[in-house]
Amino acid sequence: MEGITTQMQPNAVRRNLSALANEAKANPSAFAELYNYYVQPVYRYLRSHVHTIHEAEDLTSQTFIAAYENLPRYRERGHFSAWLFRIARSKLMDHYRKSVSDTSLDAVENRAGSDDALDLISQRDEIKNLTALVQRLDDHEQDLIRLRYVADLSFVEIAEILGKREDAVKKSLYRLLAVLRSQME
Amino acid sequence: MMNTQPTDEFEELIRKAVHESDARPEFVNHLRSELSRMPVRPKPRLVFKPAWAVGIALAVLVITASLPGVASAFKQLLSFIPGIGLVEHTDQLRILQTPVSVTRDGISITVEQVVVDGDNVELAYSVSGLASNLLQLSSKQGGQINSVCSGQDMYPNLLLQDGALLVSDPMPLGGKWLSDGYIAGHSFAASIPNSETRLTFQLECLQDVRRGAAPEDWSIPFTLVTAPQGYVVGEFVYEADQEIMSQSTESGINFAIEGVVPQEDGVHVFFRIMTDADPSTYLAISPGAMYAIDAEGTRIDLINVLPWSPFDTVDIWEYRTAILPADGPMTIMFEDAQIHYLAQSLVFEFTPGAGAQLGQTWQINKQFEIDGYGLTVESARLIELDGHPGFEFTIASNSPDILLTAELMDMTSFEMWSTTGNPQPAQSITTGFVYKSDIPETIRVTFNTIAIQIEGTWQTSWAPPAP
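Residues numbered from 1 in each chain as written. Chains lettered and ligands numbered in written order. Predicted model: local features only at pLDDT ≥ 70, side-chain atom pairs only at ≥ 80, totals over all residues.

Before going further, it helps to spend a moment on the overall build of chain B. If you tally the helices and strands in chain B, you get three helices and 29 strands. The 467 residues of chain B split such that 37% are buried. Taking contacts inside chain B between residues at least 6 apart in sequence as the whole, the part at least 24 apart equals 64%. (Helix = DSSP H or I, 4+ residues; strand = E, 2+ residues; numbered from the N terminus. Buried ≥ 20, exposed ≤ 12 C-beta atoms within 10 Å, placed from the backbone. Contact = placed C-beta atoms within 7 Å.)

Right, here's the structure in full:
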């Protein structure tokens, strides 16, 4: 169960993970392998959206418990990761809805500015500037970047999550990066 | 044509700019442990756990899902502990010697019960004397989420005599708010040596209380003792015995009580609602108005003990009577059932076009079917709610006899909130969502959940066993 990998994997490996999800319906130990593979990407993705580590942990717990409980409903029509991240996004939206009456929207939006990761890289002006530019993007654009570079998902997986075509996702992201690059120059 | 493909160096720069640290190893291990202890699906028929733990990972002292022969030995094995649920009696069971309270600034915390098994600890505590003005401020009052006690900070830890600190499992067992405080149950996946009899309950802060507004860093020593042979921790559970329990069937919906637990706040009733359909097609079946007729003929409402959202799968419900019924048999009834479906495969898109006006309506006329029930999304209307633009959809059941509710989302947007025009099931409903700011060019609408109401009355009777 140890040795969690967060490296991007070839699509073939990810397809095998989807097959593993079907196996996990009857064999819970197979779910442990899925958990090991995805817990960190899911956590990082959720962490990038919320204020605190505790919120990210709560949402990660909710995501995996819901995935486990709803595994009988999983059908291997696409990537397991897309299914899992849709649950994560659903939990995130539930979290926002529950928080909306108690938490200002601005506070949610501005969360990234206080992230400890920024402190770690504060000496590097280039990265700092880029971080600031990313924070100015709209939510859809920021989310696209998070799915790709925080959750380490492939374009196919992101396309499944967003319900868009793979080439459209790739074009959108590359255009976005081109804009960011031009703004840095 | 411009080549927009980024260089590897720039992608690496972006990766660093949005970097997030990995989860703490102890959290990852905790959650893995929780998941590994969850019941294997499909659950056996005799799964029995407190309803408030359904849908969360219950650290099982007990629970019994796959315990062979549990039915025959049920009364001997299980008791009900308020704040914890059902517990199993074993030879190794240790319990709290006596409840212990500490009061500071008028606020009291009482360690109500602790149950220690070979490899688990379950603990219930209560908080009283909590004035409402200490709780989280609303956003209008300038409330900020970081200024409120939440997350792991509001979960207790246990300090052992040898200095070891047990951190509570990430998911609480449950709890509820009281008029001036709350009760909460937590589990600890840890074994405590028999030599450890003196533990200390530690709590950093009180749930939902503004940081600094009430005493923090609570520390309450307590003593564990071995439960005497045959010692009853709580009220015995009255087993659902088919000789005294009947099962009610109407319109393909089955209703069966599986346990009855008399408590000070009412009689807790554990029950299932099922259909003959494949259970993987729906999330849960919930009762409508539920009540009991007690031995004196008084109608008593039954209240859901568990906070529940339609996204959650529920196998067993826990309701309690609003008041204590008269001693003797009861008839337990509910009117109308709702079958809740996760419907995220039902998606449609429409394009409002430029210059859309508030109140403008678009004809959609898209047909969908879920589990044999047909429905039509008839139209969309541009609305504004508290300054946020969005859409209200009119959805109709294809059969006049079938009533429905639905929650819609645009899952491509994070800053979107579902709005429900008429939360009560109806043949034709309005429901939708709003965005924080501008509406997208193309609206991609996903059904998050759909509930179908089945009309009818179901009843079953229960009688306490002879003394």
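Next up on the list: the overall build of chain A. When you go through chain A residue by residue, the secondary structure sums to 10 helices and zero strands. Listed N to C, the secondary structure of chain A is α-α-α-α-α-α-α-α-α-α in terms of helices and strands. Buried residues in chain A amount to 43% of all 185 residues. Taking as baseline every contact in chain A between residues at least 6 positions apart, the subset at least 24 positions apart corresponds to 64%.

Turning our eyes to something else, we now look at the pairing of strand β25 (residues 388-397) of chain B. Where a strand is regular, its side chains alternate between the two sheet faces. Direction of pairing for strand β24 (residues 373-385) of chain B relative to β25 of chain B: antiparallel, over a ladder of 10 bridges. Residue pairing across strands places I383 of chain B opposite G390 of chain B, the latter belonging to β25 of chain B. (Pairing = 2+ DSSP bridges.)

What follows deals with helix α2 (residues 25-36) of chain B. Residues and elements named next belong to chain B. For α2, which comprises 12 residues, the first-to-last C-alpha distance of 16 Å matches the rise-based estimate of 16 Å (1.5 Å per residue) to within 8%. Within the span of α2, buried status applies to F27, V28, H30, L31 and E34. Projected onto a plane normal to the axis of α2, the buried residues spread over an arc of 165° and lie on a single side. Projecting away from the buried face of α2 at angles above 90 degrees are the exposed residues P25 and E26. (Expected span 1.5 Å × (residues − 1). Arc of directions from axis to C-beta.)

Next up on the list: the nonpolar core. Membership of the largest hydrophobic core comes to 112 residues, with the highest contact counts inside it found for L46 and L84 of chain A together with V269 and I450 of chain B. Among the elements that make up this core, the one with the highest residue count is helix α2 (residues 28-47) of chain A (10 residues). Lining this core are residues from two domains, each supplying at least three of them: domain 1 (23-236) and domain 2 (237-467) of chain B. Residue contacts for I450 of chain B: discarding those within four places in its chain leaves Y341, A343, I370, L404 and A406 of chain B. (Core = buried A, V, L, I, M, F, W, Y, C linked by C-beta atoms within 7 Å. Domains from an automatic or database assignment.)

Right, let's get into the environment of S48 of chain A. Here S48 of chain A lies in the loop between α2 and α3 (53-69). Accessibility expressed as a C-beta count within 10 Å gives 23 for S48 of chain A, which makes it buried. For S48 of chain A and V150 of chain A, which are 102 residues apart along the polypeptide, the C-alpha to C-alpha distance reads 7.8 Å. Not counting residues up to four positions away in its chain, the partners in contact with S48 of chain A are R146 and V150 of chain A together with V18 and E20 of chain B.

Quick look at the packing of helix α9 (residues 155-162) of chain A against helix α10 (residues 166-184) of chain A now. Residue and element names in this part refer to chain A. Between α9 and α10, whose axes approach to 8 Å, the crossing angle comes to 105°. Classified by the angle between their axes, α9 and α10 sit roughly perpendicular to one another. Here α9 contributes F155, V156, I158, A159 and L162 to the contact with α10, which in turn contributes E166, V169 and K170. When the residues that make up the contact of α9 with α10 are grouped by side-chain class, the tally is six nonpolar, no polar and two charged. (Axes fitted to C-alpha atoms, helices over the stretch in contact; angles between N-to-C directions. Parallel < 35°, antiparallel > 145°, perpendicular 65-115°, else oblique. Nonpolar A, V, L, I, M, F, W, Y, C, P; charged D, E, K, R; others polar.)

In this section: the pairing of β24 of chain B. All names here are of chain B. The pairing of strand β23 (residues 361-370) with β24 spans eight bridges and is classified as antiparallel. In the strand pairing of β24, Q367 is matched with T376. Between β23 and β24, which pair antiparallel in sequence order, lie two residues; one of them, D371, sits at a positive phi of approximately 50°. Between the antiparallel neighbours β24 and β25 lie two residues, among them D386 with a positive phi of about 50°.

One non-glycine residue with positive phi stands out, namely D152 of chain A, at about 60°. Mapped onto the fold, D152 of chain A is located in the loop between α8 (139-150) and α9. Judged by C-beta crowding, with 18 C-beta atoms within 10 Å, D152 of chain A ranks as partly exposed. Positive phi values are uncommon outside glycine, yet D105 of chain B reaches one of about 50°. Within the fold, D105 of chain B resides in the loop between β4 (100-104) and β5 (107-116). Look at D105 of chain B and you get exposed, because 9 C-beta atoms sit within 10 Å.

Quick look at the environment of R47 of chain A now. The residue R47 of chain A is located in helix α2 in this model. Those residues within four positions of R47 of chain A in sequence are excluded, and the remaining contacts are A56 of chain A together with E20 of chain B.

Working note: a packed helix pair is described by the angle between its axes plus the distance between those axes. Their axes nearest at 11 Å, the elements α3 of chain A and α2 of chain B cross at an angle of 25°. Classed by the angle they form, the pair α3 of chain A and α2 of chain B counts as roughly parallel. The element α3 of chain A and its partner α2 of chain B pack so that their crossing is right-handed. On α2 of chain B, the residues touching E57, T60, S61, F64 and Y68 of chain A of α3 of chain A are F27, L31 and L35 of chain B. (Left-handed = near helix turned anticlockwise from the far one by under 90°.)

Let us now look at the confidence of the model for chain A. For residues with low pLDDT, the predicted coordinates do not support detailed interpretation. Residue and element names in this part refer to chain A. The share of residues in chain A with pLDDT of 70 or more is 64%, and the mean pLDDT across the chain is 72. Here helix α5 (residues 105-109) is the element of chain A with the lowest mean pLDDT, 35, and α8 is the one with the highest, 89. Ignoring residues within four places in sequence, the model shows residues 1-15, a span with pLDDT below 50, making 17 contacts including any to other chains. A low-confidence stretch, residues 100-118 stays under pLDDT 50, and its non-local contacts, those more than four residues away or across chains, total 24 contacts. (pLDDT = per-residue confidence, 0-100.)

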